[in-house]
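Given next are the chains, with one letter for each unit.
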Amino acid sequence: MDPVIGLKGRYDLTPKVNLTGWAMAGGFGASSDFMWDLYAGIGCDFNDRFSAVLGYRGTGVDYENDGFLYDVVQHGPVLGGIFRF
């Protein structure tokens with residue numbers, strides 16, 4: 001288990017359109033040597049119950065334990081829907 005610090009935010013451009021994102025970093029040698037997670041996106045609130053988001057996300061982890069090495073970076077587009085109930 002890694003300690004993680006970060007920031008997450010949302011900025012409303014209009015009452016229906018917003019920018020959202022986060023930046024996190026962790027590990028610091030506790031479990032993994034280092035991990036990071038970055039995301040930026042634009043969202044649209046269609047009504048009080050349904051929203052959609054389009055963005056880009058990147059994550060990375062550098063982990064080594066007893067000869068096992070996991071040093072991976074993944075990134076790509078994000079398309080999501082949010083349903084509130």
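So, how was this worked out
Residues numbered from 1 in each chain as written. Predicted model: local features only at pLDDT ≥ 70, side-chain atom pairs only at ≥ 80, totals over all residues. Heavy atoms only, no water. Salt bridge = Lys/Arg side-chain N within 4 Å of Asp/Glu carboxyl O. Helix = DSSP H or I, 4+ residues; strand = E, 2+ residues; numbered from the N terminus. Phe/Tyr/Trp six-rings, centres within 6.5 Å; stacked < 30°, edge-to-face > 60°.

K.L.:
Help me out: how do you make sense of the pattern of salt bridges in this one?
P.N.:
Opposite charge on two side chains permits them to pair, given that their charged atoms come into close proximity. A complete count under the given rule lists four salt bridges for this structure. In this structure, the salt-bridge partner of Asp45 is Arg10, at a minimum N-O distance of 2.9 Å. Of this pair, Asp45 sits in strand E3 (residues 34–45) while Arg10 sits in strand E1 (residues 4–12), placing them 35 residues apart in sequence. Asp45 is the partner of Arg84 in a salt bridge, and the nearest nitrogen-oxygen pair spans 3.9 Å.

K.L.:
How should I be thinking about the packing of aromatic side chains in this particular structure?
P.N.:
Geometrically, a pair of aromatic rings is defined through the distance of the ring centres and the angle of the planes. Counted by the stated rule, this structure contains six aromatic pairs. Between Trp22 and Tyr39, the aromatic rings sit 4.7 Å apart at their centres with planes inclined by 35°, giving tilted as the arrangement. Linking Trp22 in strand E2 (residues 17–27) with Tyr39 in strand E3, this pair joins segments that are 17 residues apart in sequence.

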